[in-house]
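# Results of the structural survey
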Amino acid sequence: MNALKSIVVGFIAGVIAAVTAQEFISWLFVNYWTGWNAAPWSMVPMRSLVLPDVELPWLVGTAITGGLWGALFGLILGWKPVGMMTIRGAILGLFGPGLISAFTVMPYLEHQPSPLLEGNVEVIVPILCICAGFGAVMAWLYGLFSFGRLP
């Protein structure tokens, strides 16, 4: 499999993982965890932090972001995925969307303090679980779509 196919398959796997697993885990935290108030599968329009003139529904923005992370993960996981893809994906999810994006880049763009630096466990735990779940499902789907096997 070449690099372009890895990017496309990773993007598709990332979109599917974002709108299913990521939103389902968010739903679990909304219903069974105190302090997490991000409504899952929300179609509320949200402004883009990168392009302030663009306003997309929350779920569409999540799908696009998940697809972009999936494309990057597709390149990182390799053209021929081998090994424990789900574990590798969960680790990538913790570091990529979790630590880099949610705790570093997004607070900087929003001019907000990082929940990690504040020690806000009610936000840290759901973000890490959602990101690990997204990465695990994305890598699982990437292995399935790439070679028709379950990793």
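It should be noted that the structure appears before, not after, this text.
The shown structure was predicted, so the numbers you read here are calculated from the model rather than taken from an experiment.

Quick reminder: α-helices carry 3.6 residues per turn. Residues three or four places apart thus point the same way. Compared with an ideal rise of 1.5 Å per residue, which puts 30 residues at 44 Å, helix H1 (residues 3-32) spans 41 Å between its outermost C-alpha atoms and is within 8% of the ideal. When the local axis directions of H1 are compared, the greatest deviation, roughly 40 degrees, occurs at Ala 18.

Now for the packing of H1 against helix H2 (residues 58-77). Two elements in contact, H1 and H2, have axes separated by 6 Å at closest approach and are oriented at 140 degrees. Classed by the angle they form, the pair H1 and H2 counts as oblique. At the point where H1 passes H2, the crossing takes the right-handed sense. Across from Ala 3, Ser 6, Ile 7, Gly 10, Phe 11, Gly 14, Val 15, Ala 18, Val 19, Gln 22 and Glu 23 in H1, the residues of H2 making contact are Trp 58, Leu 59, Thr 62, Ala 63, Ile 64, Gly 66, Gly 67, Leu 68, Gly 70, Ala 71, Gly 74 and Leu 75. The residue inventory of the contact of H1 with H2, partitioned by class, reads 13 nonpolar, 9 polar and 1 charged.

On to the environment of Glu 118, then. Structurally, the position occupied by Glu 118 is in helix H4 (residues 115-118). The class of Glu 118 is exposed, set by a relative accessible area of 51%. Sequence-wise, Glu 118 and Trp 36 are 82 residues apart; in three dimensions their C-alpha atoms are separated by 16 Å.

With that out of the way, let us pick up the nonpolar core. If you look at the biggest cluster of nonpolar residues, it comprises 13 residues, and the most contacted ones within it are Leu 77, Phe 134, Met 138 and Tyr 142. Among the secondary structure elements, those contributing two or more residues to this core are H1, H2 and helix H5 (121-147). Considering every element that reaches this core, the biggest residue donor is H5, with 5 residues. Not counting residues within four places of it along the chain, the set of residues in contact with Met 138 comprises Gly 10, Ala 13, Gly 14, Ala 17, Gly 70, Phe 73 and Leu 77.

With that out of the way, let us pick up the environment of Leu 144. When you line up the elements, Leu 144 lands in helix H5. Sequence-wise, Leu 144 and Ile 100 are 44 residues apart; in three dimensions their C-alpha atoms are separated by 27 Å.

With that out of the way, let us pick up the packing of H1 against H5. Where H1 contacts H5, the two axes come as close as 7 Å, and the packing angle between them is 140 degrees. When you trace H1 past H5, the crossing you get is right-handed. Classifying every residue of the contact of H1 with H5 by side-chain character gives 19 nonpolar, 7 polar and no charged.

Moving on, we come to H5. The end-to-end C-alpha distance of H5 is 39 Å, a good match for the 39 Å that 27 residues give at a rise of 1.5 Å each. Backbone geometry just downstream of H5 places Gly 148 in the positive-phi region, at approximately 65 degrees.

Think of a pair of aromatic rings as described by two things: how far the centres are apart, and how the planes are tilted against each other in angle. If you walk through the whole model with that rule in mind, you get 4 aromatic pairs. These aromatic residues form a ring-pair network of at least three members: Phe 24, Trp 27 and Tyr 32.

Analysis parameters
Residues numbered from 1 in each chain as written. Predicted model: local features only at pLDDT ≥ 70, side-chain atom pairs only at ≥ 80, totals over all residues. Heavy atoms only, no water. Helix = DSSP H or I, 4+ residues; strand = E, 2+ residues; numbered from the N terminus. Expected span 1.5 Å × (residues − 1). Bend = angle between axes of the 7 residues up to and from the residue. Axes fitted to C-alpha atoms, helices over the stretch in contact; angles between N-to-C directions. Parallel < 35°, antiparallel > 145°, perpendicular 65-115°, else oblique. Left-handed = near helix turned anticlockwise from the far one by under 90°. Contact = heavy atoms within 4.5 Å. Nonpolar A, V, L, I, M, F, W, Y, C, P; charged D, E, K, R; others polar. Buried < 20%, exposed > 50% of the residue type's maximum accessible area, 1.4 Å probe, protein only. Core = buried A, V, L, I, M, F, W, Y, C linked by side-chain atoms within 4.5 Å. Phe/Tyr/Trp six-rings, centres within 6.5 Å; stacked < 30°, edge-to-face > 60°.

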